[in-house]
Amino acid sequence: VIRSPLQARALYSLRHVKRHLSSITDSQSSSLATQPFQRLVETLKSSTQTCTIIESSCGGLISSSLMSVPGSSRVYFGGTVAYSTKRAGKLLCGDEELHDRLLKSTSPAASDDDKMMIVGVEEHLSEETKAYIQSKVKWTQEAALSYCKHMDTDFAIAEGGATGPTFHPEGMKAGFAVLAVAGRRSGQDDVEILAQKLVLSTHGDREMNMRLYADAAAELCVEAMNIANPSIEMTTEQPDTHQVQSTNVTDKLYLDRSSHLRSDAEAMKELYNRSDAQHVIVKGASEVLFGSDDQLSLPTLEQPFLGTLFETGDAKEEALENRTFLGRLGDEQTPLFAMYLPEDTNVSSDSNSSYFANTRSRAPMLSPLHNEIALTATAYVNWRDSHRFCTRCGSPVEFVQGGTCAKCTSGHMAWPRQDPSIIVLVTNAESTHALLARSPRHPSYLYTALAGFVEPGENME
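What you see is a predicted model, and the numbers here were worked out from it, not measured in a lab.

Parameters at a glance
- Residues numbered from 1 in each chain as written.
- Predicted model: local features only at pLDDT ≥ 70, side-chain atom pairs only at ≥ 80, totals over all residues.
- Heavy atoms only, no water.
- Helix = DSSP H or I, 4+ residues; strand = E, 2+ residues; numbered from the N terminus.
- Contact = heavy atoms within 4.5 Å.
- Areas by Shrake-Rupley, 256 points an atom, 1.4 Å probe, with all protein chains shown as cover.
- Buried < 20%, exposed > 50% of the residue type's maximum accessible area, 1.4 Å probe, protein only.
- Pairing = 2+ DSSP bridges.
- Expected span 1.5 Å × (residues − 1).
- Polar contact = N/O pair within 3.5 Å; in protein donor to acceptor, adjacent residues only side chain to side chain.
- 1 Å grid on protein atoms, 1.4 Å probe; cavity = no way out; pocket = protein on both sides within 12 Å on 5 of 7 lines; lining within 4 Å.
- Points joined across faces, edges and corners; volume = space filled by probe spheres on them.
- Nonpolar A, V, L, I, M, F, W, Y, C, P; charged D, E, K, R; others polar.
- Axes fitted to C-alpha atoms, helices over the stretch in contact; angles between N-to-C directions.
- Core = buried A, V, L, I, M, F, W, Y, C linked by side-chain atoms within 4.5 Å.
- Phe/Tyr/Trp six-rings, centres within 6.5 Å; stacked < 30°, edge-to-face > 60°.
- Salt bridge = Lys/Arg side-chain N within 4 Å of Asp/Glu carboxyl O.

I keep staring at the overall build of the chain and nothing clicks. Help me out?
A count of helical and extended segments in the chain gives 12 helices and 20 strands. Intrachain contacts of the chain at a sequence separation of at least 6 include 68% that bridge at least 24 residues. In the form shown here, the chain has an accessible surface area of approximately 25100 Å², with 50% of it arising from carbon and sulfur atoms.

Structural data, given as structure tokens:
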């Protein structure tokens, strides 16, 4: 029983939370064709090689993830889900001897090579758990070797493990998977185990573990390909033809805050005059300019659209003069500024679908980078609006160091206050349920993790 002084509280299944989030933001829902699988398919295609799959606890996720990448039909012959070894005999390519070997591999006995797989983690596992993992080591070896031969492919991926949320071995609290990749080395006909890996999870969330194991299997297969033929050309960049996987350019960007430049007057002057500088447009105290549901609109001085936001040229000059320097974007180091506009600003009809929306409620839907810069820009604009006079002597202030520092006529300087706060996810021991709460100011359907500010002298807990 979980008791809380919170007036509104709810115990939600993590699975329900994930499904709810994915239903309200399709653009951010996870794609089957994750980057490891895109890379695997592209590498197989570029080397004209093939693979097959036999999986257990992933339940077909490895196969479906590979098949969801366009062009996978050229490299994937098909596979098998052998969830129950005891009853999967008829699914194993009609190979009764393989079925017998897989059944024998589930016995408690393990070879020295099998035991090598869990060196370094033995102190965390019960004897029964270690024996269970060791059985999967042998199971995946036998399955990968046989499937590579039966399907006559260049490589075969085998996976066996446990996903959760409940486990049969005594003392087992989190999932695991053993992965093996069999294949032929360049210029050789014999099939061998090229790579094998133990993946240990930290929780018992079934769906998250299946995704973890599947991605690890794709990564291991690429490693095995390199072992089989070190001269093979590895695909490092993801293809841009896949329509489901996000191709958001901000995934490759980052915000370099460049705080060392703020006190360099010449450097700041140059940055402020850059025509390619991008701008986070903040209207009033709480709205920013969006270009789409998950992206901000970041107009530059070169774009005519920026001028349409101002009624007069004087208003534009004032806004440009009072910009706040947020940093530089990506390797190209493009300057980024926050620009304040009055509350009554409207977007013109030729804005290419740009619109203003509330920062606090909409920022979580943005990409990580745009979330960061939207909140940073809004915070600076609000701080500057509420700190026009010195808090020590009452004198008027001017904003220096790129607008990030307030300096009064008496020489006192001040920076935005940092209020420590925490946000936590309270879960049960198996990480299958979480305690969420609803603030009275939120809609009836909105529950969140627990969060709060830390008062002076108060610890985080």
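Any chance you could explain the pairing of strand 5 (residues 176-184) here in plain terms?
Of all the nine residues making up strand 5, eight are buried; the element is thus mostly covered by neighbouring parts of the structure. Where strand 4 (residues 155-162) lies against strand 5, eight bridges are found, and the strand directions are antiparallel. The partner of G160 across the bridge, within strand 5, is V178.

How should I be thinking about helix 7 (residues 206-228) in this particular structure?
Two residues of an α-helix separated by three or four positions point the same way, owing to the 3.6 residues in each turn. Here helix 7 spans 33 Å end to end across 23 residues, near enough to the 33 Å set by a 1.5 Å rise per residue. Here helix 7 starts with a cap whose side-chain oxygen sits 3.3 Å from the backbone nitrogen of E207, and that cap is D205.

Whenever I open this one, the layout of surface pockets confuses me. Can you help?
If a probe the size of a water molecule is rolled over the atoms, the empty space left behind becomes visible. Volume-wise, the second largest pocket comes out at about 630 Å³. For the second largest pocket, the lining is made up of 21 residues, of which E318, A319, Y340, L341 and P342 are closest to its centre. Breaking the lining of the second largest pocket down by element, the ones donating at least two residues are helix 10 (313-321), strand 12 (334-341) and helix 12 (368-386). Looking at the lining of the second largest pocket residue by residue, the class counts come to 10 nonpolar, five polar and six charged.

Whenever I open this one, the sheet that holds strand 2 (residues 51-55) confuses me. Can you help?
Strand pairing within a sheet occurs via backbone hydrogen bonds; the two strands may be parallel or antiparallel. Taken together, five strands build an open sheet; the order of strands is 3-2-4-5-6 and the sheet is mixed. The open sheet has two edge strands, strand 3 (76-81) and strand 6 (191-200), and neither has a second partner. Adjacent strand axes in the sheet meet at a mean angle of 15 degrees, parallel and antiparallel pairs treated alike. Note that strand 5 and strand 6 share nine bridges and pair antiparallel. When the sheet's bridge partners are listed, A177 is paired in strand 6 with V199. Strands strand 2, strand 3, strand 4, strand 5 and strand 6 of the sheet are contacted by helix 6 (residues 127-150), whose axis makes an angle of about 30 degrees with strand 5.

Sorry, what's going on with unusual backbone geometry here?
Residues other than glycine predominantly adopt negative phi, and peptide bonds predominantly adopt the trans conformation. Geometrically, the link from G164 to P165 is a cis peptide bond, its omega value of 5 degrees lying close to zero. Relative to the elements of secondary structure, P165 occurs in the loop between strand 4 and strand 5. Although it is not a glycine, S258 adopts a positive phi angle of roughly 50 degrees. Mapped onto the fold, S258 is located in the loop between strand 7 (255-256) and helix 8 (265-272). Of note in this structure, S431 is not a glycine but carries a positive phi near 60 degrees. Mapped onto the fold, S431 is located in the loop between strand 18 (426-427) and strand 19 (433-437).

Sorry if this is basic, but what is going on with the side chain of S258 here?
Classification of S258 as buried rests on a relative accessible area of 3%. A polar atom in the side chain of S258 sits 2.9 Å from the side chain of R328.

Quick question: what am I supposed to make of the nonpolar core here?
For soluble globular proteins, the rule of thumb is that nonpolar side chains tend to be buried together. One finds F37, L40, L66 and F155 to be the most contacted residues of the largest nonpolar core, which totals 35 residues. Within the residue set of this core, elements represented by two or more residues are helix 2 (35-46), strand 2, helix 3 (61-67), strand 4, strand 5, strand 6 and helix 7. Considering every element that reaches this core, the biggest residue donor is helix 7, with 12 residues. Contacts of F37, omitting those with residues within four sequence positions, involve I62, S65, L66, V69, R211, A214, D215 and A218. Ranked by size, the runner-up nonpolar core spans 25 residues in total, among them L329, L336, A338 and V381.

Please clarify how the packing of aromatic side chains should be interpreted in this entry.
Two measures describe an aromatic ring pair: the distance that separates the ring centres and the angle between the ring planes. Using the criterion set out here, one finds five aromatic pairs in the structure. Here Y132 and F176 contribute two aromatic rings whose centre-to-centre distance is 5.5 Å and whose plane-to-plane angle is 85 degrees, an arrangement assigned as edge-to-face. Here Y132, found in helix 6, pairs with F176, found in strand 5; they are 44 residues apart in sequence, far enough to count as distant. Here Y132 falls in the partly exposed class, since its relative accessible area comes to 27%.

Can you help me understand helix 12 in this one?
The end-to-end C-alpha separation of helix 12 is 27 Å, in line with the 27 Å expected for 19 residues at 1.5 Å each. For helix 12, the complete set of buried residues consists of L369, H370, N371, I373, A374, T376, A377, T378, Y380, V381, W383 and R384.

Would you mind showing me how to read the sheet that holds strand 16 (residues 413-414) here?
Here we have three strands laid out as an open sheet, ordered 14-15-16, and antiparallel in their pairing. The strands lining the two open edges of the sheet, one partner per strand, are strand 14 (397-400) and strand 16.

Quick question: what am I supposed to make of the pattern of salt bridges here?
Oppositely charged side chains may form a pair once their charged atoms are brought near each other. Evaluated as defined, the whole model comprises 12 salt bridges. R185 is paired through a salt bridge with E192; the nearest N and O atoms lie 2.9 Å apart. A salt bridge links D419 to R417, with the shortest nitrogen-to-oxygen separation between them at 2.9 Å. On the basis of relative accessible area, D419 is assigned to the partly exposed category, the value being 38%. A relative accessible area of 67% means that R417 is categorised as exposed.

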